[in-house]
Amino acid sequence: MKSVEQIEIAASRVLWLEEKHGEHQKKKRRWHNRVMAVRGSLLVLFFALWEAGARLGWIDELLFSYPTKVFGQIWGDMISGSLWPHLGMTVGETVVGFLLGTLLGTLLAIIIWWSPFLSAVLDPYMVVFNSMPKVALGPIFIVMFGAGFTAIVVTTLSITVIITTLVVYNSFCSVDPNLVKVARSFGASRVQVFNKVILPSSFPTVVSTLKVNVGMSWVGVIVGEFLVAKSGLGYLIIYGFQVFNFTLVMSSLLIIAAVATAMYQLVVYVEKLLLSRR
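Residues numbered from 1 in each chain as written. Predicted model: local features only at pLDDT ≥ 70, side-chain atom pairs only at ≥ 80, totals over all residues. Heavy atoms only, no water.

Caption draft 1: A look at the overall build of the chain. Helix and strand counts for the chain stand at 11 helices and 0 strands. Going from N to C terminus, the chain has its helices and strands arranged as α-α-α-α-α-α-α-α-α-α-α. Radius of gyration (C-alpha) of the chain: 25 Å, far over the 19 Å computed for a compact globule of 278 residues. Taking the principal axes of its C-alpha atoms as reference, the chain extends roughly 85 × 55 × 30 Å. Evaluated residue by residue, the chain yields a buried proportion of 35% over its 278 residues. A sequence separation of at least 24 residues applies to 72% of the contacts in the chain between residues at least 6 apart. (Helix = DSSP H or I, 4+ residues; strand = E, 2+ residues; numbered from the N terminus. Rg over C-alpha atoms; globule rule 2.2 N^0.38 Å. Buried < 20%, exposed > 50% of the residue type's maximum accessible area, 1.4 Å probe, protein only. Contact = heavy atoms within 4.5 Å.)

Caption draft 2: Region of interest: the side chain of Thr 164. Tracing the sequence through the fold places Thr 164 in helix α7 (residues 149-173). For Thr 164, a relative accessible area of 1% puts it in the buried group. For Thr 164, the contacting residues outside a window of four places in its chain are Gly 101, Thr 102, Gly 105, Thr 106 and Asn 213.

Caption draft 3: Spotlight on a positive patch on the surface. Side chains of Lys 26, Lys 27, Arg 29, Arg 30 and Arg 34 sit close together on the surface and give a patch of like positive charge. With respect to the helices, strands and loops of the structure, Arg 30 is situated in helix α1 (residues 4-56). Given a relative accessible area of 45%, Arg 30 falls into the partly exposed group. (Patch = residues over 30% accessible without salt bridge, like charges linked within 9 Å, V, L, I, M, F, W, Y side chains within 5 Å. Areas by Shrake-Rupley, 256 points an atom, 1.4 Å probe, with all protein chains shown as cover. Salt bridge = Lys/Arg side-chain N within 4 Å of Asp/Glu carboxyl O. Lys, Arg positive; Asp, Glu negative; His and termini not counted. Charge placed at Lys NZ, Arg CZ, Asp CG, Glu CD.)

Caption draft 4: Structural view of α7. In this model, α7 (25 residues) spans 36 Å end to end at C-alpha, consistent with the 36 Å of a helix rising 1.5 Å per residue. For α7, the principal kink sits at Leu 157 and spans about 30 degrees. With respect to burial, α7 is a largely interior element, 20 of its 25 residues being buried. (Expected span 1.5 Å × (residues − 1). Bend = angle between axes of the 7 residues up to and from the residue.)

Caption draft 5: Quick peek at the pattern of salt bridges. By the definition in use, this model includes 1 salt bridge. Here Arg 55 and Glu 51 are joined by a salt bridge, their closest N and O atoms 2.9 Å apart. Here Arg 55 pairs with Glu 51, and both are found in helix α1, just 4 residues apart, close to one helical turn. Under the relative-accessibility criterion, Glu 51 is labelled buried at 15%.

Caption draft 6: Spatial organisation of the packing of aromatic side chains. Tallied over the full model, the rule gives 12 aromatic pairs. Judged by centre distance (5.7 Å) and plane angle (70 degrees), the rings of Trp 113 and Trp 114 are edge-to-face. Given the relative accessible area of 11%, Trp 113 is considered buried. According to the relative accessible area criterion, Trp 114 is partly exposed, its value standing at 36%. Among the aromatic residues, ring-to-ring pairing joins Phe 46, Phe 47, Trp 50 and Phe 71 into one connected group. When the ring centre of Tyr 66 is taken as origin, the NZ or CZ atom of Arg 55, which lies over that ring, is 4.3 Å away. (Phe/Tyr/Trp six-rings, centres within 6.5 Å; stacked < 30°, edge-to-face > 60°. Lys NZ or Arg CZ within 6 Å of the ring centre and 35° of its normal.)

Structure below.
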């Protein structure tokens, strides 16, 4: 049986660890609060300088508008209901392109990793296709799929799929070969090696591609809407340029930035949730 002295020592160690953990959590919260405070301050400073610059003539009000006018435009469109169809269309296209691009890119990376011969054959083609300007492919997609939702989603996929494939495949190939050798020495099949070694080791990279694809999906959708859409935030930007309503242009850009940030934060939350359950 343990002596009273040993029990007291063990208890003191537990208390010491709890105290250190508490101090660490406090420091972490303080650091997070400072980061959020600086972020908020920079955002307020940006809008304040933008407003002052337009009011005082430092920047061209016609081209850049100013925050109070832009937010007034957004609020008016929200109240009238004219904003929601455009916002819903763009968000729907982005979410579909984001999910399909991530899934298809990851699946293609698995197929290429599975077949070294296929990897050797497709590698230069993927590099070439990734370097091609996707705007040039847009008219081809419009002719193939019509001027609408499908053409815009396919334009988005042309950006997200190849990037996802290259990143995930390189992650698969970067796994420590010693881990693979150990698994095979225990008689693991190729399926077991992938499920037990390759995928778990690459999981952080696979999940991180979600964050990359958020930005790529928005780029693809807006490019597609520039070319073909009759509704959506990209359409509002083009329309605003055509009628010289740059307040509409700036308000559309701010909405894109806000929704993209919200989508990115949602992906970060999902990433933390998945990584915590690995």
